Amino acid sequence: MNIILASASPRRKEILENYNVNFNIIKSEIDEVILDHELPIQVVMRLALEKGMDVACKNQGELVIAADTIVVLDDMILGKPKDESDAYNTLNSLSGREHQVVTGISLINLADNKKVVDYVVSKVKFKNLSEKLILDYLKTGEFQDKAGAYGIQGYGALLVDEIKGDYFNIVGLPISKLNDLLIKYFDIN
């Protein structure tokens, strides 16, 4: 059985490559819509399942891994910033505070009629960020296409005071949880 990562995220690709997993990449083409009534955990689990099903329906004999990651502050989902000003406001709101990073993960093999969906929550506390630090970070451009307007695996690590939970979840793919699910449901280690 071949493994497909239903994601174009370079961070997810790199995490899997670091653990010597042989896989192909097929990006899901779904619209990532957040519904008003959903809790953050419901959002990531639904989107991970939708992404996985989109790819699995076209690759029924393969094991498809999909994920979706969001940043949550005060029960509000902070999406990817629209522009530098939006990123500044997001980082300013995170300054000195703890937020959650939530990743939904799905594993699907339609040939065996197996669909597994789970999630991981990590907590991140930011330092008190000065305006200069935020502006210097924005100059790196790293905030682009990142939930919460930062990437912990790069310069964004300089903004962080403390993390609780799975570091790789914050990057975008909770590899330990993924391994647990692969062993339990697919007999793959």
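Please refer to the structure placed before this passage.
Residues numbered from 1 in each chain as written. Predicted model: local features only at pLDDT ≥ 70, side-chain atom pairs only at ≥ 80, totals over all residues. Heavy atoms only, no water.

Glancing now at the packing of helix α3 (residues 84-94) against helix α4 (residues 131-139). Following both chains from N to C, one finds α3 and α4 inclined at 135 degrees, their axes separated by 10 Å at the closest point. In this view, α3 runs oblique relative to α4, as classed from their interaxial angle. Along this stretch, α3 crosses α4, giving a crossing that reads as right-handed. In this structure, α3 contributes E84, A87, Y88, L91 and N92 to the contact, and α4 contributes E131, I134, L135, Y137 and L138. Considered class by class, the residues forming the contact of α3 with α4 number seven nonpolar, one polar and two charged. (Axes fitted to C-alpha atoms, helices over the stretch in contact; angles between N-to-C directions. Helix = DSSP H or I, 4+ residues; strand = E, 2+ residues; numbered from the N terminus. Parallel < 35°, antiparallel > 145°, perpendicular 65-115°, else oblique. Left-handed = near helix turned anticlockwise from the far one by under 90°. Contact = heavy atoms within 4.5 Å. Nonpolar A, V, L, I, M, F, W, Y, C, P; charged D, E, K, R; others polar.)

Turning to the environment of L138, a few remarks are in order. Following the sequence through the fold, L138 ends up in helix α4. Sequence spacing of L138 and Y155 is 17 residues, and the spatial spacing of their C-alpha atoms is 9.9 Å.

Our focus in this paragraph is the pairing of strand β5 (residues 98-109). Along a regular strand, successive side chains alternate from one face of the sheet to the other. Of all 12 residues in β5, 10 are buried, a share of seventy percent or more. Looking at chain direction, strand β3 (residues 63-73) and β5 are connected through nine bridges and run antiparallel. For A67, the partnering residue across the bridge sits in β5 and is I105. A loop of four residues connects β5 with strand β6 (residues 114-126), the two strands running antiparallel in sequence, and N113 in this loop sits at a positive phi of about 55 degrees. (Buried < 20%, exposed > 50% of the residue type's maximum accessible area, 1.4 Å probe, protein only. Pairing = 2+ DSSP bridges.)

Treat this as a map of the structure, not an account of what it does.
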